[in-house]
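Chain by chain, the residues:
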Amino acid sequence: MEAREALSLLVLLLTYLGLALGGLPGYRMNRAGVALVGASFLVLLGVLDLGEAWAALDAKTLTFLFGVMVLNAHLGYAGFFGLAAEGLLRLARTPLALLVLLTFGAGILSALFLNDTMALLLTPLLLSIARGLGLNPLPYLLALMGAVNTGSLMTPTGNPQNIVVASLSGLSYLGFVQALWLPALLGLLLQVLLLALLYPEVRSLRPLPPLPPLRYRLHRPLLRKGLLVALGLLLAFLLGYPMAQGALVAAGLLLFTRRLRSERYFLRVDWELLVMFGGLFVVTEGVRRLGLVEALLPLAQSPLGLLLAATLLSLLVSNVPAVLLLAPLVGEERGWLLLAGGSTLAGNLTLLASVANLIVAEGGVREGVRVGFLEHLRFGLPLTLLTLALLYLLLAP
């Protein structure tokens, strides 16, 4: 028994190490592979059997995430995100206005349509605009990184960890938004002030030349249907309709079409993320069965402790694993909101702290623009500390 427990603990240690590093050195596994291998080894060691592993999966979270991905795929094919970006950025008459519109536009879009999706779609558009206007793209790339992280805090659909929190806590969509919209918008404002302080050129009020044309395809029939379904889904959320059920119905309505083959939708579903979630649910159940959750109790004895624990664990093992580890220790609504906030805002601290940051950075590298670790840190460190303090003060009793 002791040998089995020791091996199980080793499996968990290597799993969380792989999640923190994005893979295990010497092995060709990403985070999804690491999570699945860790889960399978826990089943092999008898920590839980296959039936218990299936029972550990949270169907609401997986369904909710899948439905939002299908909606994003539809809107992406329709050209909605390019149209929205163009509409926002055409209002920018000065470098400062461009910074403000980019920050709040990307933040609000991320709150509605997942931060990683926005990072992926907006990075090439932003680089094209900066190049066409003759602007230094670096501060604007930093703005995009911060905006998609901070803005995503606002809603349950903003990022994967919020989806987990909403599914496990039972918080309503409207209740979630009412509690976190103000910290998110104030965080976006803080970001604008920080970047204006760090990069004098973005404070400029000199008129910009006309915006160069953006390259995207607009499919109006798809756009009309997608916006109708998206608005219907948002209304259903606000009226208290179960979020996972609503997302599944929305996905079904969008897939029921003669315009796009189903395969095209499924190509844009992030199956790796869904596999990682499934593996993590099983791994987290293994942690619980081995009695390791109790070891985290000292970290979450107070609201401040829970916020710090969510932040630190998100930096150590990534945000979704951190949320799943701490979820059994959360009781009240404020605790769930602090868990969502800490795990989300931690993504701004370093260049490596969120997948969205890496997506933007890699998009910049492909266009010859490098965002350095220290360059990001001098923006991300004060932003993270200030937004965490703001979140705690606004949610404190």
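Residues numbered from 1 in each chain as written. Predicted model: local features only at pLDDT ≥ 70, side-chain atom pairs only at ≥ 80, totals over all residues. Heavy atoms only, no water.

- As recorded in an unreviewed UniProt entry, the protein chain goes by the name Anion transporter, listed as coming from Thermus thermamylovorans.
- UniProt's Subcellular location (unreviewed entry) comment on the protein chain is quoted here verbatim: "Cell membrane".
- In its Sequence similarities (unreviewed entry) section, the UniProt entry covering the protein chain states "Belongs to the CitM (TC 2.A.11) transporter family." (UniProt positions renumbered as here; feature names shortened; annotations may be inferred.)

**Details of the overall build of the protein chain**
Line of reasoning, step 1. Counting its secondary structure elements, the protein chain contains 19 helices and zero strands.
Line of reasoning, step 2. Taking 21 Å as the expected radius of gyration for a compact globule of 397 residues, we find that the protein chain reaches 21 Å, a close match to that expectation.
Line of reasoning, step 3. When contacts within the protein chain are restricted to residue pairs at least 6 apart in sequence, those whose partners lie at least 24 apart make up 81%.
Line of reasoning, step 4. By element, 67% of the accessible surface of the protein chain is carried by carbon and sulfur atoms, the whole surface being about 17600 Å².
Line of reasoning, step 5. Once the 25 positive and 18 negative side-chain charges of the protein chain are each reduced to a mean point, those two points are 16 Å apart. (Helix = DSSP H or I, 4+ residues; strand = E, 2+ residues; numbered from the N terminus. Rg over C-alpha atoms; globule rule 2.2 N^0.38 Å. Contact = heavy atoms within 4.5 Å. Areas by Shrake-Rupley, 256 points an atom, 1.4 Å probe, with all protein chains shown as cover. Lys, Arg positive; Asp, Glu negative; His and termini not counted. Charge placed at Lys NZ, Arg CZ, Asp CG, Glu CD.)

**Describing the pattern of salt bridges**
Line of reasoning, step 1. Under the criterion given, the structure shown has seven salt bridges.
Line of reasoning, step 2. With its nearest N and O atoms 2.6 Å apart, the salt bridge here joins R288 to E285. Here R288 and its partner E285 are both found in helix α14 (residues 271–289), three residues apart, which amounts to about one turn of the helix.
Line of reasoning, step 3. Looking at R288, the relative accessible area reads 44%, which means it is partly exposed.
Line of reasoning, step 4. A residue is classified by how much of its surface remains accessible, and E285, at 16% relative accessible area, is buried.
Line of reasoning, step 5. Among the salt bridges present, the one from E375 reaches R378, with a minimum N-O distance of 3.5 Å. Here the residue E375 and the residue R378 both occupy positions in helix α19 (residues 373–395), the gap between them amounting to three residues, near one helical turn.
Line of reasoning, step 6. Take E375: its relative accessible area is 25%, and that puts it in the partly exposed class.
Line of reasoning, step 7. We classify R378 as partly exposed; its relative accessible area is 38%. (Salt bridge = Lys/Arg side-chain N within 4 Å of Asp/Glu carboxyl O. Buried < 20%, exposed > 50% of the residue type's maximum accessible area, 1.4 Å probe, protein only.)

**Remarks on the packing of helix α4 (residues 59–78) against helix α11 (residues 220–238)**
Line of reasoning, step 1. Running from N to C, α4 and α11 point in directions that differ by 150°, and their axes come no closer than 8 Å. In this view, α4 runs roughly antiparallel relative to α11, as classed from their interaxial angle. Between α4 and α11 the crossing geometry is left-handed. The residues of α11 that touch α4, namely those facing F64, L71, H74, L75, Y77 and A78, are L222, L223, K225, G226, L227, A230, L233 and F237.
Line of reasoning, step 2. Among the residues forming the contact of α4 with α11, the class breakdown is eleven nonpolar, two polar and one charged. (Axes fitted to C-alpha atoms, helices over the stretch in contact; angles between N-to-C directions. Parallel < 35°, antiparallel > 145°, perpendicular 65-115°, else oblique. Left-handed = near helix turned anticlockwise from the far one by under 90°. Nonpolar A, V, L, I, M, F, W, Y, C, P; charged D, E, K, R; others polar.)

**Quick word on the side chain of T61**
Line of reasoning, step 1. Mapping T61 onto the fold places it in helix α4.
Line of reasoning, step 2. Only 2.7 Å separates the side chain of T61 from the side chain of D58, close enough to count as a polar contact.
Line of reasoning, step 3. Not counting residues up to four positions away in its chain, the partners in contact with T61 are I163, V164, S167, F277 and F281. (Polar contact = N/O pair within 3.5 Å; in protein donor to acceptor, adjacent residues only side chain to side chain.)

**Brief notes about α4**
Line of reasoning, step 1. Between its terminal C-alpha atoms α4 stretches 29 Å, which fits the 28 Å expected from 20 residues at 1.5 Å a residue.
Line of reasoning, step 2. By the criterion of burial, α4 is predominantly enclosed, with 17 of the 20 residues buried. (Expected span 1.5 Å × (residues − 1).)

**Quick notes on the UniProt feature "domain: Citrate transporter-like" (unreviewed entry) in the protein chain**
Line of reasoning, step 1. Within this structure's numbering, the places UniProt gives as "domain: Citrate transporter-like" (unreviewed entry) are residues 29–330.
Line of reasoning, step 2. This span, residues 29–330, is 73% helix and 0% strand, and a straight line between its end C-alpha atoms measures 32 Å.

**Re a nonpolar patch on the surface**
Line of reasoning, step 1. On the surface, a nonpolar cluster with roughly 560 Å² of combined accessible area is contributed by L7, L10, L13, L14, L17 and L21.
Line of reasoning, step 2. Mapped onto the fold, L14 is located in helix α1 (residues 2–21).
Line of reasoning, step 3. On the basis of relative accessible area, L14 is assigned to the partly exposed category, the value being 38%. (Patch = residues over 30% accessible without salt bridge, like charges linked within 9 Å, V, L, I, M, F, W, Y side chains within 5 Å.)

**With respect to a positive patch on the surface**
Line of reasoning, step 1. There is a patch of like positive charges on the surface, built from R220, R224, R258 and R259.
Line of reasoning, step 2. Within the secondary structure, R258 sits in the loop between α12 (243–255) and α13 (262–267).
Line of reasoning, step 3. Its relative accessible area of 87% is what places R258 among the exposed residues.

**Structural notes on unusual backbone geometry**
Line of reasoning, step 1. Positive phi outside glycine occurs at L114, with the angle close to 75°.
Line of reasoning, step 2. If you trace the backbone, L114 turns up in the loop between α6 (95–113) and α7 (115–133).
Line of reasoning, step 3. Since its relative accessible area comes to 6%, L114 is described here as buried.

**Here's the deal with the packing of aromatic side chains**
Line of reasoning, step 1. The tally for this structure, following the rule as stated, stands at eight aromatic pairs.
Line of reasoning, step 2. With 5.9 Å between their ring centres and 75° between their planes, F64 and F237 make a pair best called edge-to-face. Of this pair, F64 sits in helix α4 while F237 sits in helix α11; the two residues are 173 residues apart in sequence, bridging distant segments of the chain. Of the two residues, F64 and F237, neither departs from the other in class, the shared state being buried.
Line of reasoning, step 3. Ring centres of Y173 and F237 lie 5.0 Å apart, and the angle between their planes is 25°; on these two criteria the pair is classed as stacked. Taken together, the residues Y173 in helix α10 (residues 173–198) and F237 in helix α11 connect sequence positions 64 residues apart.
Line of reasoning, step 4. Here Y173 falls in the buried class, since its relative accessible area comes to 4%.
Line of reasoning, step 5. Ring pairing ties together the aromatic residues F64, Y173 and F237, which thus form one cluster. (Phe/Tyr/Trp six-rings, centres within 6.5 Å; stacked < 30°, edge-to-face > 60°.)

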